[in-house]
Amino acid sequence: MSHLIGAFLEMMSAERGAAANTIAAYRRDLSNYAGFVAGKKQTLLDCPRETVMGYLDGLRAEGLSASSSARHLSAIRQFHKFLCADGIRGDDPTRIVSSPKTRRPLPKVLSVAEVDKLLTTAEQSASKPAKPAREEAARRTYCLLELLYATGLRVSELVTLKRAQVMREGSFITVTGKGNKDRVVPMNDKARDAVRAWVATLPKDAKWLFPAKGESGHLERQVFARDLKDVAKDAGISPSRVAPHVLRHAFASHLLAGGADLRVVQMLLGHADISTTQIYTHVLDEKLRNLVETHHPLAGG
């Protein structure tokens, strides 16, 4: 039956342009599956749905994660669709097999007090006299932090901001997100003041809001992530809990906890689908629970 797998992989490569590592992963997964089918004294042309289910059960018993099992099933499903499309097999045993459920982990979130501590520490560091290079780095980190928490930008969007994207004297910024979709994001007063102060230090012909000497011309995300962990350490917060995406999560979670509409948060984050934003609904669940416990007439009874 290896010739069937070979024919499928050839089709994936020639017609769909699958990458070499994808082909290698499919070959490995399908070879494992074919071995399981052969162990059942069946073939890839007659194995029933129960065999596919048994294979997935075996993966789960081996401790494979739901996402890895789902990848195996995807390969098997595409393989059987190929067999049916080419008239090699008349039925598809994966047709009504559901994918293993994967639970998206809840994002790490800092409390409002912890974010405030980070911002205060960064601001204090930025105002301390130091060597020019160190002073500039501290002011830049403070501006980045205020801007990140005020807007919830992806770190890639943040470090690649151009100076021209700051609008109306710093009240708004335009952001080009995934899929080259533009969105306008407002800034609070603290972020606006931090950006204004930072822009005032830039050369008049600066293209990037956060220029650097590297090949890209702008600050690298790894440099900001490193500087952010240094701020966390100074603030007495475990650096392992702090990263740029954690500040993005804090922005969304704190907005929702404060009563913002989920659709508004979706727009500000630049999510194409509301389902992506719904990972933050655990914040709304907690808020609703607290409301009921606080205001229900029998809550204390």
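Please refer to the structure higher up on the page.
All values reported here derive from a predicted model rather than from experimental measurement. (Residues numbered from 1 in each chain as written. Predicted model: local features only at pLDDT ≥ 70, side-chain atom pairs only at ≥ 80, totals over all residues. Heavy atoms only, no water.)

Student: Let's hear about helix α8 (residues 189-199): which residues, and what values?
Tutor: Considered for burial, the residues of α8 that qualify are A191, R192, A194, V195, W198 and V199. Within α8, the buried residues cover an arc of 165° as seen down the axis, which keeps them to one side. Packing partners of the buried residues in α8 comprise α6 (132-151) and β1 (166-167). (Buried < 20%, exposed > 50% of the residue type's maximum accessible area, 1.4 Å probe, protein only. Helix = DSSP H or I, 4+ residues; strand = E, 2+ residues; numbered from the N terminus. Arc of directions from axis to C-beta. Contact = heavy atoms within 4.5 Å.)

Student: Please give an account of the environment of F82 that cites residues and values.
Tutor: As for its position among the elements, F82 is in helix α4 (residues 66-85). With relative accessibility at 9%, the residue F82 sits in the buried group. The spacing of F82 and M12 is 70 residues in sequence and 9.7 Å in space, taken between C-alpha atoms. Once you skip the residues sitting within four places of it in the chain, F82 turns out to touch L4, A7, F8 and M11.

Student: Account for the packing of α6 against helix α9 (residues 221-234), naming residues and giving values.
Tutor: Their axes nearest at 10 Å, the elements α6 and α9 cross at an angle of 95°. Considering their axes alone, α6 and α9 lie roughly perpendicular with respect to each other. Across from R140, T141, L144, L145 and L148 in α6, the residues of α9 making contact are V223, F224, D227, L228 and V231. When grouped by side-chain class, the residues that make up the contact of α6 with α9 number 7 nonpolar, 1 polar and 2 charged. (Axes fitted to C-alpha atoms, helices over the stretch in contact; angles between N-to-C directions. Parallel < 35°, antiparallel > 145°, perpendicular 65-115°, else oblique. Nonpolar A, V, L, I, M, F, W, Y, C, P; charged D, E, K, R; others polar.)

Student: Describe the packing of helix α1 (residues 2-14) against α4, listing the residues and the values that go with them.
Tutor: Where α1 contacts α4, the two axes come as close as 10 Å, and the packing angle between them is 95°. The orientation of α1 with respect to α4, classified from their angle, is roughly perpendicular. Contact with α1, carried on its side by L4, I5, A7, F8, M11 and M12, involves A75, Q78, F79, F82 and L83 of α4 and no other residues of that element.

Student: Hey, could you go over helix α3 (residues 49-61) for me, with residue numbers and the actual values?
Tutor: Between its first and last C-alpha atoms α3 spans 18 Å; for 13 residues at 1.5 Å apiece the expected length is 18 Å, and the two agree. Listed as buried for α3 are T51, V52, Y55, L56 and L59. The buried residues of α3 occupy one face: seen down the axis, they fall within an arc of 140°. With respect to the buried face of α3, the exposed residues turned more than 90 degrees away are E50, R60 and A61. As for α3, its buried residues are in contact with α2 (20-39) and α4. Positioned one or two residues after α3, G63 has a phi angle of 90°, which is positive. (Expected span 1.5 Å × (residues − 1).)

Student: Tell me about the pairing of strand β2 (residues 172-176), residues and numbers included.
Tutor: Covered by surrounding structure in β2 are I173 and V175 only, the residues F172, T174 and T176 on the alternate face being uncovered. Pairing between β2 and strand β3 (residues 182-186): 5 bridges, direction antiparallel. Counted as the bridge partner of V175 is R183 from β3. Connecting the antiparallel pair β2 and β3 is a turn made up of 5 residues, with G179 showing a positive phi of about 70°. (Pairing = 2+ DSSP bridges.)

Student: Break down the nonpolar core for me, citing the residues and quoting the values.
Tutor: Of all hydrophobic cores here, the largest spans 54 residues; its most connected members are L118, L147, L158, F210 and L247. Residue assignment for this core shows that the elements contributing at least two residues are α5 (112-127), α6, α7 (155-159), β2, α8, α9, α10 (244-257) and α11 (262-269). For this core, the leading source of residues is α6, giving 8 residues. Grouped together as the second largest cluster of nonpolar side chains are 26 residues, I5, L30, L83 and V97 included. (Core = buried A, V, L, I, M, F, W, Y, C linked by side-chain atoms within 4.5 Å.)

Student: Quick one: what's the story with the side chain of E157, residue by residue and with numbers?
Tutor: Here E157 lies in helix α7. Residue E157 is classed as buried on the basis of its relative accessible area of 5%. A distance of 2.6 Å separates the side chain of E157 from the side chain of R154, its partner in a polar contact. The contacts of E157, once residues within four sequence positions are left out, are V175, T176, G177, K178 and R183. (Polar contact = N/O pair within 3.5 Å; in protein donor to acceptor, adjacent residues only side chain to side chain.)

Student: Lay out the environment of F8 with the relevant residues and their values.
Tutor: Counting through the fold element by element, F8 comes out in helix α1. Of the residues examined, F8 reaches a relative accessible area of 0% and is grouped as buried. In contact with F8, other than residues within four places in its own chain, are Y26, L30, A75, Q78, F79 and F82.

Student: Describe the sheet that holds β2, and please don't skip the residues or the numbers.
Tutor: With respect to topology, 3 strands assemble into an open sheet ordered β1-β2-β3, the strand pairing being antiparallel. Each of the sheet's edge strands pairs with one partner strand only, and the pair in question is β1 and β3. For β1 and β2, the ladder comprises 2 bridges, and the chain directions are antiparallel. Looking across to β2, one finds that V166 is bridged to I173.

Student: Hey, could you go over unusual backbone geometry for me, with residue numbers and the actual values?
Tutor: Even without glycine at this site, K41 takes up a positive phi of about 60°. Locating K41 in the fold gives a position in the loop between α2 and α3. We classify K41 as exposed; its relative accessible area is 77%.

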